[in-house]
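Each chain is listed here by its residues.
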Amino acid sequence: MKKLQLLKKLETFPMFTENDVAKITNKSPEYVRKLLYRANREGLIKRIERGKYTLHEDGMVFASYLSIPSYISLWSALRYYNMTQLQPYAIFVMSPVSKIIVKFQNTSIVFKKTKHMFGYKKERYADFNIFMAEREKAIIDSMLFKLPLQDIAEALNDKELDFEKLSEYAKKTKSISLMKRLGYILEKKKENSYGLKALDNNYALLDYLGKKKGRKDSRWKLVINTML
């Protein structure tokens, strides 16, 4: 297969491995390694990490393929859905296993280990399928990983949110403090807690990044240490 033909074929992959190229060319692993080394040195392909390459500039195209299963969430998902105006400094990927940061071009791809591998879907992006948190799960992940509460409260203004689903996802985490915080915020903003309630008598801070003092809300068992 000629080099141009191979590049055209590889362009249809969000990312590709040495094994992918070996299958396409029917060449030995040693031949493929040399081929990819030369193509990378010539600037025809881009190395993502050991054994993984792409022809694309945008890390969002392949970020959720670097660890399987995984999905894009946190700031990256909030920005994707226009639930925040803040521009993420990295692409954030949720995965059930630990993985070091991947530096690609001028972008960092940051992996966050989670046991809550639900609430994500295939999304069409730049002619590729990527794995993206649903709107509701992006908010749950943001609370689990302690993004600023004011930004999460702002994201809750999104008109396409399904608050019943949001509540179910909160319950699915089994995080009592998360359910308290989200229920309190929803009741304040939407006048409906959507079935969320305080499940123990231990007080938690409303704003996990805020000061330790504030008035106590006996119903939600929260220390109200911020204004929303």
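Just so we're clear, the structure is a prediction, and the values are computed from it rather than from any experiment. (Residues numbered from 1 in each chain as written. Predicted model: local features only at pLDDT ≥ 70, side-chain atom pairs only at ≥ 80, totals over all residues. Heavy atoms only, no water.)

Trainee: Is there a simple way to think about the overall build of the protein in this case?
Mentor: From N to C terminus, the protein includes eight helices and twelve strands. Taken across its 228 residues, the protein has 51% of its residues classed as buried. The long-range fraction of contacts in the protein, counting pairs at least 24 apart against all pairs at least 6 apart in sequence, stands at 53%. Taken as two groups, the 44 positive and 25 negative side-chain charges of the protein have centres that lie 6 Å from each other. (Helix = DSSP H or I, 4+ residues; strand = E, 2+ residues; numbered from the N terminus. Buried < 20%, exposed > 50% of the residue type's maximum accessible area, 1.4 Å probe, protein only. Contact = heavy atoms within 4.5 Å. Lys, Arg positive; Asp, Glu negative; His and termini not counted. Charge placed at Lys NZ, Arg CZ, Asp CG, Glu CD.)

Trainee: Sorry, what's going on with the environment of Lys171 here?
Mentor: Along the chain, the position of Lys171 falls in helix α7 (residues 163-173). Each C-alpha atom of the pair Lys171 and Lys197 lies 9.9 Å from the other, and the pair is 26 residues apart in sequence. When sequence neighbours within four positions are dropped, the list of residues in contact with Lys171 reads Met179, Tyr194, Gly195 and Leu196.

Trainee: Even after reading the chapter, I still don't get unusual backbone geometry, so can you show me in this structure?
Mentor: Put simply, Ile68 and Pro69 share a cis peptide bond, and its omega is 0°. Residue placement: Pro69 occurs in the loop between β3 (52-54) and β4 (71-72). Positioned with a positive phi, Asp127 is a non-glycine residue whose angle comes to about 70°. Among the secondary structure elements, Asp127 is positioned in the loop between β8 (120-125) and β9 (128-133). Despite not being glycine, Lys146 shows a phi value in the positive range, around 60°. Note on placement: Lys146 falls in the loop between α5 (135-144) and α6 (149-155).

Trainee: Looking at this structure, how should I read helix α2 (residues 18-25)?
Mentor: Residue pairs three or four apart in sequence face the same way in an α-helix, which turns once every 3.6 residues. Along α2, the residues that are buried comprise Val21, Ala22 and Thr25. The arc enclosing the buried residues of α2, seen along the axis, measures out at 105°, which places them on a common side. In this structure, the buried residues of α2 make contact with α1 (3-10), β1 (16-17) and α3 (29-41). Downstream of α2 by a residue or two, Asn26 has a phi angle that is positive, lying close to 60°. (Arc of directions from axis to C-beta.)

Trainee: Looking at this model, I keep getting lost on the layout of surface pockets. Mind explaining?
Mentor: In this approach a probe as big as a water molecule rolls over the atoms, and the regions it shows empty are the leftover space. Considering only enclosed or pocket space, the largest pocket measures out at about 180 Å³ in volume. Lining of the largest pocket is provided by Asp58, Met60, Ser76, Arg79, Tyr80, Gln87, Pro88, Tyr89, Ala90, Ile91 and Tyr125. Counted by class, the lining of the largest pocket contains seven nonpolar, two polar and two charged residues. (1 Å grid on protein atoms, 1.4 Å probe; cavity = no way out; pocket = protein on both sides within 12 Å on 5 of 7 lines; lining within 4 Å. Points joined across faces, edges and corners; volume = space filled by probe spheres on them. Nonpolar A, V, L, I, M, F, W, Y, C, P; charged D, E, K, R; others polar.)

Trainee: Is there a simple way to explain the sheet that holds β1 in this structure?
Mentor: Where strands meet in a sheet, backbone hydrogen bonds hold them as pairs that are either parallel or antiparallel. The three strands are arranged β1-β3-β2 in an open sheet whose pairing can be described as antiparallel. What marks the edges here is a single partner per strand, and that holds for β1 and β2 (46-49). (Pairing = 2+ DSSP bridges.)

Trainee: Help me understand the environment of Glu136, please; the structure alone is not making it clear to me.
Mentor: You can see Glu136 is positioned in helix α5. Under the relative-accessibility criterion, Glu136 is labelled buried at 5%. What Glu136 contacts, discounting residues up to four positions off in sequence, is Glu160, Leu161, Asp162, Lys165, Leu166 and Tyr169. Separated by 2.8 Å, the side chain of Glu136 and the backbone nitrogen of Asp162 make a polar contact. (Polar contact = N/O pair within 3.5 Å; in protein donor to acceptor, adjacent residues only side chain to side chain.)

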